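Fold and contact review
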Amino acid sequence: MSEEVVKTVTCYGCPHAACFVKAHIVDGELVKVTPDPDKVYVQDCTRGFMDNDGRASIEYHYMKNRINYPLKRVGERGENRWEVISWDQALDEIAGKMKELMENHGPNCISVNTGTAHHSDNNWVPWRFHVAIGSVNHTGHEHICYGAQMISMEHTFGWVVNPYPAPGIFPKSMILIGNSYEAMPHAFQMMEGLWEAGQKLIVVDPRCTESARRADIWLQERPGSDIGLWLCWIRTIMKEGWYDSEFVENWSNAPFLVRTDTGKMLRGTEIDAKAGPESFVVWNAAKDAPAIWDAEARKYAEDGVQQALSGTHKIKLVDGAEVECKTAWDMLAEQVEEWTPEKAEEFTWVPKHKIMEACEMYAKNAPGFFLTAGHVYDAYAPGSSSVYRCRDLLRILTGSIDKTEMITGCYDIDKVVSIYEMENRPDEAFTAEEKAKQAGFDRFKALGFEGFDLKAKYAKRQWRVPSNAMWSCQAHPHLMWRDILDGKEDRLRCMIMSGSNPLLKYGNVRIVYEAMKKLDLTIALEFVMTPSAQMADYVLPMSDWFERPEIGPSTPCDIFNLLHASGAAMEPEYERRNDYDVFRGIAVRLGLEEHFPWKTLTEAYNYRMAGILKETGCKDIDEFGEKIGFDYPEPVVGQYKEKNGFATPTAKAELWSVMLEEMGYEPLPRYYEPAISPYSTPELAEDYPLILIGIDRHLPMYHTMFFEVPALRKMCPDPFMDIHPDTARRMDPPITDGDWVWVETRRGRIRQRARLTFGIHPSVVKTQHHWWFPEKPGEEPYLHGVWESNTNVITEDDPELCDPVFGSWPHTSLLCRVYKEAAGSHLEEDRTC
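About the criteria used
- Residues numbered from 1 in each chain as written.
- Predicted model: local features only at pLDDT ≥ 70, side-chain atom pairs only at ≥ 80, totals over all residues.
- Heavy atoms only, no water.
- Helix = DSSP H or I, 4+ residues; strand = E, 2+ residues; numbered from the N terminus.
- Rg over C-alpha atoms; globule rule 2.2 N^0.38 Å.
- Buried < 20%, exposed > 50% of the residue type's maximum accessible area, 1.4 Å probe, protein only.
- Areas by Shrake-Rupley, 256 points an atom, 1.4 Å probe, with all protein chains shown as cover.
- Lys, Arg positive; Asp, Glu negative; His and termini not counted.
- Charge placed at Lys NZ, Arg CZ, Asp CG, Glu CD.
- Core = buried A, V, L, I, M, F, W, Y, C linked by side-chain atoms within 4.5 Å.
- Contact = heavy atoms within 4.5 Å.
- Axes fitted to C-alpha atoms, helices over the stretch in contact; angles between N-to-C directions.
- Parallel < 35°, antiparallel > 145°, perpendicular 65-115°, else oblique.
- Left-handed = near helix turned anticlockwise from the far one by under 90°.
- Pairing = 2+ DSSP bridges.

Turning to the overall build of the chain, a few remarks are in order. If you tally the helices and strands in the chain, you get 29 helices and 28 strands. In terms of overall size, the chain behaves like a compact globule, its C-alpha atoms giving a radius of gyration of 26 Å where 833 residues would be expected to give roughly 28 Å. In terms of overall dimensions, the chain has C-alpha extents of about 80 × 70 × 60 Å along its principal axes. Taken across its 833 residues, the chain has 67% of its residues classed as buried. Total accessible area computed for the chain in this model is approximately 27,900 Å², and 47% of it derives from carbon and sulfur atoms. For the chain, the distance from the average position of its 90 positive side-chain charges to the average position of its 127 negative side-chain charges is 1 Å.

So, in structure tokens, the structure goes:
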């Protein structure tokens, strides 16, 4: 009888979780997958990968439509005609064509387009490749998925706040935004114990999801109106005195003075030529005079300063001029003054008594915890930055930072080399002139090099390294598509899709499709043939989580100060390879081997983990994964006091964001109506009367992933859109549960099945996003059904509608109409799409 070998790996069915599982292998074949109870795992894998001894995991590994050999297109793009070639031929040809393109058009004509971090090397290898070839145009989707959320926290605190409650710390209250049960199932399970122990739970969601069902208070807001809710809360907490005065007065920049003539924070050099270059001014109540705060030294220029939280003062400048200044606290109070409960009710559709009840519950049960599920706010264009800044200002007011909401800093870089270092320090690799060539550099600055360089400056000072460039330094994809279609000389010409599916994930995918048709060279690193891979010239087979080592969780773990690591359980099947091997193979052929000194990913990871391997006595990542696997350093309560401040320009938690100010953006949040809504586009609402929620993770899929896994697809065979029964019955003809219906916007229409639910407002509908059909033909015009039920067929992408800070495009609040599919109609014959 053959012996069973059991190896520990980390599962990337939920890329941001990386639970530890055991791979049971007999004669080289994966036969069973079970949770590893000795390490970090979820009790119940709601995505389905652990059910029936890991049936879905095994199917994913062996399924018949896995890509197992390098493929080269023969015939025209989109014909789904391929030939199997060797890896040497594939890499030789790709490198040769890339070299020719760079010689003729420069390195910025090449972009690695990354998707959901499907594996940990996907986090750092793409930017390392960009640094090697000299291209600044890395693209992804962080504009609408976590990038805006994380960078907003850096604009406020200088580092991200850990999105998960720290073990052993009990927040008295929690605010959940969106459908955390499906968007972050592992986090939902972590928090269930807190609710059972009596934690107050407030859920803000247009739908009654499982999270809302558990809530003490459910606020069913109009999609896209949340900023109005939070501005009202900020106003109420300030007026009622429900804020943490010790934190606000001593650890935030609320007392700092702002010039009313320029709308900028007053610098110390403006009143004293000898002041340091990074100095600011407060009003010293002890002397009834201004006092200078040296942010770099983190101290006042004189002793005994009693900073005034409120006040308007005339300040004399070094040139003799006199200017009026107010504290940042007063500027914020003026900004939110109009947001009374009555106005908030008008804009959000939430009754004012519920708004006030929830606000009081949150403020009087501080410190609390604020969790934004998935990417629900990133797609709030044009208010993505403002809505997250509101959240972070509430954290300042209630004093939750480093009490229940932890700023952990980077994982110890002496133990594990940071992702930023593995990326090859992109901010230091390019000149200012080169950075300015990044698409969107001078428009959507916060998610480009200007924003990255600014926050990196302060992070390095406090944490030794900045957060990674992977999700905080990107070219703007929708500007790039337009440059391609406009035929600009400096346009994108070559795209490497690293686990990315642009025809599913970007808004208004018709534009994306037309642009992809015009590329000179497209390479897909994939597991299965996707709609986007059908548009490629080469499709290269990727190894899965059983076949490669991992340092994770994949969503960059080191910025949350935790570590999951495991070796490969088995050799790759057929000719599958990991991302590192592919990019190194191209780099070597381009004469850039020095940028990829490790011959294998395992060698690279042993290098990354050298410090912790030495500390634990493990010889390599394989042994570490089996014996230890993870490290969760103890959170430091009140760490900002040990550090004497934050990694921001003022060294304080910033109500008034100086980074936003320096980039030319509004330093305080304000209300933004969704780009397309009954209020901002009333004429459009006459034809499209329903509000569409177009982006929301749904189980068991993860964005565009796992539609091809049979066990998971059986759980969700068809796409569903939620609609209120009263709305459905008033349609002509009436819509019943399970009917195929058309959801139409001004961009086109898609079909999904109606799911009638009283848990949604009668004026709102929600589609499941990112739908495609692996079982449908791959050739055009089908492209695996990309035009049929994919919500991004009907979403927007116009840069004029995007968030001005990050360039996030609108998904959350669009206008649509819904009607029953006529008998006999089918998309294949419908040319209106």
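As a further point, take unusual backbone geometry. Here the amide bond leading from Gly552 into Pro553 is cis, since omega sits at 0°, within 30 degrees of zero. Here Pro553 shows up in the loop between strand S20 (550-552) and strand S21 (563-566). We note that Asp53 has phi near 60°; this positive angle belongs to a residue other than glycine. Along the chain, the position of Asp53 falls in helix H1 (residues 51-62). A relative accessible area of 45% places Asp53 in the partly exposed class. A positive phi angle is found at Arg298, which is not glycine, with a value near 60°. Inspection of the secondary structure puts Arg298 in the loop between strand S12 (289-294) and strand S13 (299-300).

What follows concerns the nonpolar core. Across soluble globular proteins, nonpolar side chains show a tendency to be buried alongside one another. With 152 residues, the main nonpolar core has Trp124 and Val818 as its most contacted residues. When residues of this core are assigned to their parent elements, the largest contribution, eight residues, is made by helix H2 (residues 87-105). Contact partners of Trp124, with chain neighbours within four places excluded, come to Ile419, Met422, Glu423, Tyr580, Trp598, Leu601, Ala604, Tyr605 and Arg608. Membership of the second largest hydrophobic core comes to 126 residues, among which are Tyr146, Ala215, Leu219 and Met663.

Further remarks concern the packing of helix H4 (residues 147-157) against helix H13 (residues 384-398). Close contact between H4 and H13 brings their axes to 9 Å; oriented N to C, the two are set at 50°. Of the possible angle classes, the one that applies to H4 and H13 is oblique. The element H4 and its partner H13 pack so that their crossing is right-handed. Side by side, H4 and H13 meet where Ala148, Gln149, Ser152, Met153, Thr156 and Phe157 of the first sit next to Ser384, Ser385, Tyr388, Arg389, Arg391, Asp392, Arg395 and Ile396 of the second.

Spatial ordering of the open sheet is given by S20-S21-S22, a layout of three strands whose pairing is antiparallel. Edge positions in the sheet fall to S20 and strand S22 (630-631), since each of these pairs with one other strand and no more. Where S20 meets S21, three bridges bridge the pair, whose relative direction is antiparallel. In the sheet register, Gly552 faces S21, and the bridge partner there is His564.

Take it as geometry only, folks, not as evidence of what the structure does.
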